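Letter by letter, the chains look like this.
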Amino acid sequence: MCRVDGCYRAPTKFSHLCEYHRNVDRVHGDPRQRGVTKAELKPYQNVIRDYLARRSGPRAEAVIGRDWGCVSRRAEEFLEAANRGRPQNVHERRAAQIIVSVSKEYNAMEIAILCMALGYFYADQPRRWASDRGFQYQAARMLRRLAQGETDFKWRPDGTMVRSSAKRCAPSVTRALWSSIEATNFVGYGIQIRREIEKGRELKRKDHIADLREILGPGAFAVKGEAA
Ligand SMILES: [Zn+2]
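Treat the numbers as computed from the prediction; the structure is a model and nothing was measured.

A few words now on the side chain of H21. Counting through the fold element by element, H21 comes out in helix 1 (residues 19-28). Since its relative accessible area comes to 8%, H21 is described here as buried. Setting aside its immediate chain neighbours within four residues, H21 contacts C2, V4, C7, R9 and P31.

Below, the structure written as structure tokens:
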């Protein structure tokens, strides 16, 4: 039986997983991981954008530009080394091409906002991630979708084009992309931003309790953790 709970399909040869879950595992990094959609990520991107606009220091954009610049320069240098005849791994090469393509299409700030939103999402909905690997694959996939030629599209019967999911790519390309994302710290910044926002909410809740207490009078109710 397939290793995934609740799945009763037969495993394939050389695998503990059925055909379906083996496929999900390859694409999403974990047999139980569901793909993240743009719509799911959008509210988080808005929160990050809003936070950066209201609270970041004047040099934040420069820091982000520098961090992404490092990653994108490294990818360019990697591709140039191949032109000088250095043998290269085809998957690492594809990952570098994706980074360079994303850099051409988007500015560092937009890329950072996407990654920060993923970090926020990661911390905000821990149950949405089957595992860290599942999350990392989603992050790499969302970044890859920004690159030219990395999205599949279909034609509707009425002749309009719909962009659909990211094209398939080898797990080692995904892993190489994740290590580039990790090098920027953007995901970590997103997690920290969430913590900061939550702290503000917690303070507001405390204010509210203090107000309520004032209205109801001392001794009206005990708050958890303050035994009478
Ligand atoms: Zn299965």
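Having put the structure on the table, let's press on.
Attention now goes to the coordination of the zinc ion. Protein-derived coordination of the zinc ion comes from C2 (SG), C7 (SG), C18 (SG) and H21 (ND1), at a distance range of 2.0 to 2.3 Å. One can describe the site at the zinc ion as tetrahedral: its four donor atoms subtend angles covering 103 to 113° at the metal. All donors to the zinc ion come from one chain, and their sequence spacing reads C-x4-C-x10-C-x2-H. Note that C7 is positioned in the segment before helix 1 and C18 in the segment before helix 1, a separation of eleven residues in sequence.

Per the domain assignment, the segments making up the protein chain are domain 1 (1-32) and domain 2 (34-216). On a C-alpha basis, the centres of domain 1 and domain 2 stand 27 Å from each other. Contacts between domain 1 and domain 2 engage eight residues on the former and eleven residues on the latter. Summing the contributions of domain 1 and of domain 2, the shared interface buries around 870 Å²; its carbon and sulfur component is 44%.

A pair of packed helices is characterised by two quantities: the angle between their axes and the separation of those axes. Where helix 3 (residues 60-83) meets helix 7 (residues 171-184), the closest approach of the two axes is 8 Å, and the angle between their N-to-C directions is 150°. When the axes of helix 3 and helix 7 are compared, the pair comes out roughly antiparallel. Crossing of helix 3 against helix 7: the hand is right-handed. In contact with D67, W68, V71 and R74 of helix 3, helix 7 contributes S180, A183 and T184.

Right, let's talk about the nonpolar core for a bit. Ranked by internal contacts, the top residues of the largest apolar core, which has 50 residues, are I48, W68, V102, M116, L143, L177 and I193. Sorting the residues of this core by element identifies helix 2 (38-55), helix 3, helix 4 (90-105), helix 5 (108-124), helix 6 (132-144), helix 7 and helix 8 (186-216) as the ones contributing at least two each. Looking at this core, the element that brings in the most residues is helix 5, giving twelve residues. In this structure L143 touches W68, I99, V102, I111, L114, L177 and I181, once residues within four positions along its chain are discounted. Within the second largest apolar cluster, five residues are counted, among which are V4, C7, L17 and C18.

Before going further, it helps to spend a moment on the packing of helix 2 against helix 8. Relative orientation of the contacting elements helix 2 and helix 8 amounts to 75°, with a least axis distance of 11 Å. When the axis of helix 2 is compared with that of helix 8, the two are roughly perpendicular. Note on element contacts: helix 8 touches helix 2 through G190, I193, E196 and I197, opposite V47, I48, Y51, L52 and R55. Within the contact of helix 2 with helix 8, the residues separate by chemical class into six nonpolar, one polar and two charged.

Moving on, we come to the pattern of salt bridges. Going through the model one piece at a time under the given rule, you end up with twelve salt bridges. Notably, a salt bridge pairs E150 with R94, separated by 2.9 Å at the nearest N-O pair. Separated by 56 residues along the polypeptide, E150 in the loop between helix 6 and strand 1 (151-155) and R94 in helix 4 bring together distant segments of the chain. A relative accessible area of 26% places R94 in the partly exposed class. A single salt-bridge network, built from bridges that share partners, covers R55, E196 and K199.

Scoring rules and cut-offs
- All residue numbers refer to position in the chain's written sequence, counted from 1.
- Under the rules for a predicted model, residues below a pLDDT of 70 receive no local features and side-chain atom pairs below 80 are neither given nor counted, while totals for whole chains, interfaces and linings still include all residues.
- Side-chain measures here rest on the full set of heavy atoms in the structure, leaving out hydrogens and waters.
- Secondary structure is summarised from DSSP: a helix means a run of H or I of at least four residues, a strand means a run of E of at least two, and numbering begins at the N terminus for each.
- Partly exposed residues are those whose accessible area sits between 20% and 50% of the maximum for their type, while under 20% is buried and over 50% is exposed, using a 1.4 Å probe and protein chains only.
- By the convention used here, residues are in contact when the closest approach between their heavy atoms is within 4.5 Å.
- For Na, K and Ca the donor cut-off is 3.2 Å; for every other metal, N, O and S atoms count as donors within 2.8 Å. Water does not enter the count, which can leave sites looking incomplete.
- When four donors show all angles between 85 and 135 degrees the site is tetrahedral, when four or six donors have opposite pairs over 155 degrees and all other angles between 65 and 115 it is square planar or octahedral respectively, and in every other case it is irregular.
- Domain limits in this description derive from either an automatic procedure or a database domain assignment.
- By buried area we mean the combined loss of accessible area, with a 1.4 Å probe, across both parts when two parts are placed together.
- Lines fitted to the C-alpha atoms define the axes, with helices restricted to the stretch that makes contact. Angles between their N-to-C directions range from 0 to 180 degrees.
- Under this scheme an angle from 65 to 115 degrees is roughly perpendicular, one under 35 degrees roughly parallel, and one over 145 degrees roughly antiparallel; angles in between are oblique.
- Note: crossing handedness is left-handed where the near helix turns anticlockwise from the far helix by less than a right angle, and right-handed where it turns clockwise.
- The definition of a nonpolar core used throughout is a set of buried Ala, Val, Leu, Ile, Met, Phe, Trp, Tyr and Cys residues joined through side-chain atoms within 4.5 Å.
- Residues are sorted three ways: Asp, Glu, Lys and Arg are charged, Ala, Val, Leu, Ile, Met, Phe, Trp, Tyr, Cys and Pro are nonpolar, and all the rest, Gly among them, are polar.
- We define a salt bridge as a contact between a side-chain nitrogen of Lys or Arg and a carboxyl oxygen of Asp or Glu at a distance within 4 Å.

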